[in-house]
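Tertiary structure, described
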Amino acid sequence: MVWILDNVPRFEQAKFKELGLHDAVIQLFDSSCTPAQKYAANYARTNARDLPVPQLIQLINNSHQDVRRLAIDLIQSRDPRTEIGLEAWGQLLATGRGKKLAEESLRKHFGANALTAERFATLLVADEQNAREFAQSRLIQLHPLKKLGVSYFVDVIEQADVSEWYHQGSVNFCCEQLEKIGPAEISTEHLQRLFLAD
């Protein structure tokens, strides 16, 4: 198919939409054939720069380097706040190959107003390790420890499944923050809740 598209003069890439070939070429991203994936990436770089964000998130985790590079370039060419959005960056954060790009964008373009303490609480108990690690590294940078207070970390510990190993890191993180706040600030009620959570 790629050989035909490359060698038959009437199949000009600029006319693929008119000829009904555009969608077929885009589907080559999922091909097991490396030349087909490369062809689709080269085609999209000029003729399909409007690929939807959910598809770009999938393509960033594609096995082919040219496809990944295309997806990264297209995402970076769009406004990170209005055209990509916080939810999409969160999805990308949970992926293997998109983690670094998502972390950089979240740090650079989103402050405390967007990355609220409540959103961090959700990330701290997320199933995805990347999301939990990002929350642990960024929370205190955006939200002062004293402002969060004891109740915040007790709430997170209660939401975590302490029997699961993958939540232990977040539970330990919360306990470390409680230590920094100081035992004098931890009420009897808080202690009771922590005992029950354990």
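Source: prediction; values computed, not measured.

Scoring rules and cut-offs
Residues numbered from 1 in each chain as written. Predicted model: local features only at pLDDT ≥ 70, side-chain atom pairs only at ≥ 80, totals over all residues. Heavy atoms only, no water. Helix = DSSP H or I, 4+ residues; strand = E, 2+ residues; numbered from the N terminus. Buried < 20%, exposed > 50% of the residue type's maximum accessible area, 1.4 Å probe, protein only. Contact = heavy atoms within 4.5 Å. Areas by Shrake-Rupley, 256 points an atom, 1.4 Å probe, with all protein chains shown as cover. Lys, Arg positive; Asp, Glu negative; His and termini not counted. Charge placed at Lys NZ, Arg CZ, Asp CG, Glu CD. Core = buried A, V, L, I, M, F, W, Y, C linked by side-chain atoms within 4.5 Å. Polar contact = N/O pair within 3.5 Å; in protein donor to acceptor, adjacent residues only side chain to side chain. Expected span 1.5 Å × (residues − 1). Phe/Tyr/Trp six-rings, centres within 6.5 Å; stacked < 30°, edge-to-face > 60°. Salt bridge = Lys/Arg side-chain N within 4 Å of Asp/Glu carboxyl O.

This part covers the overall build of the chain. Secondary structure summary: the chain contains 14 helices and zero strands in total. Order of helices (α) and strands (β) in the chain, N terminus to C terminus: α-α-α-α-α-α-α-α-α-α-α-α-α-α. Across its three principal axes, the chain shows a C-alpha extent of roughly 80 × 30 × 20 Å. By the burial criterion, 45% of the 198 residues in the chain qualify as buried. In the chain, 59% of the contacts between residues at least 6 apart in sequence involve partners at least 24 apart. Per element, the accessible surface of the chain, about 11,300 Å² overall, is 49% carbon and sulfur. Between the mean site of the 22 positive side-chain charges and the mean site of the 26 negative ones, the chain shows a separation of 8 Å.

The subject of this paragraph is the nonpolar core. Of all hydrophobic cores here, the largest spans 66 residues; its most connected members are F29, L51, W89, F120, Y152 and F153. Ranked by the residues each element gives to this core, the list is headed by helix 12 (residues 145–159), at eight residues. Look past the residues within four positions of Y152 in its chain and what remains in contact with it is A117, F120, A121, L124 and L139.

On to the side chain of N130. Within the secondary structure, N130 sits in helix 11 (residues 129–142). By relative accessible area, N130 is classed as buried at 15%. A polar side-chain atom of N130 sits 3.0 Å from the main-chain carbonyl oxygen of T95.

A rise of 1.5 Å per residue sets the reference length of helix 6 (residues 65–76), with its twelve residues, at 16 Å; its end C-alpha atoms lie 16 Å apart and thus fit the reference within 8%. Along its buried surface, helix 6 packs onto helix 4 (34–47), helix 5 (53–60), helix 7 (80–84), helix 8 (86–93) and helix 9 (99–109).

In this section: the environment of V156. Looking at where V156 falls in the secondary structure, it is placed in helix 12. Taking the C-alpha atoms as reference, V156 lies 19 Å from A94; in sequence the two are 62 residues apart. Leaving out residues up to four positions away in the same chain, V156 has contacts with A121, L124, V125 and C174.

Evaluation of the coordinates by the stated rule reveals five aromatic pairs. Seen from their ring centres, F153 and F173 are 6.5 Å apart, and the 65° between their planes marks the pair as edge-to-face. With F153 in helix 12 and F173 in helix 13 (residues 165–181), this residue pair connects regions lying 20 residues apart in the sequence. Residues F153 and F173 agree in their burial class; the two are buried. Three or more aromatic residues link up through ring pairs in this structure, and these residues are Y152, F153 and F173.

Inspection of the secondary structure puts Y152 in helix 12. Spatially, the C-alpha atoms of Y152 and A24 are 50 Å apart, while their sequence positions differ by 128 residues. Engagement of the side chain of Y152 in a polar contact is seen with the backbone oxygen of A117, the distance being 2.6 Å.

Let's shift gears to the side chain of Q177. Its location among the elements puts Q177 in helix 13. Under the relative-accessibility criterion, Q177 is labelled buried at 2%. Sequence-distant contacts of Q177, that is, excluding residues within four places in its chain, are made with I140, L145 and F153.

The next subject is the pattern of salt bridges. A full pass over the atoms with the stated rule returns four salt bridges. Here D73 ties to R69 by a salt bridge, and the two come within 2.9 Å at their closest N and O atoms. Here the residue D73 and the residue R69 both occupy positions in helix 6, the gap between them amounting to four residues, near one helical turn. With a relative accessible area of 23%, D73 lands in the partly exposed category. Take R69: its relative accessible area is 40%, and that puts it in the partly exposed class. A salt bridge links E133 to K99, with the shortest nitrogen-to-oxygen separation between them at 3.4 Å. Placement of E133 in helix 11 and of K99 in helix 9 is noted, with a sequence separation of 34 residues between them. With a relative accessible area of 23%, K99 lands in the partly exposed category.

From the geometry alone we can't say anything about function, so treat these as descriptive.
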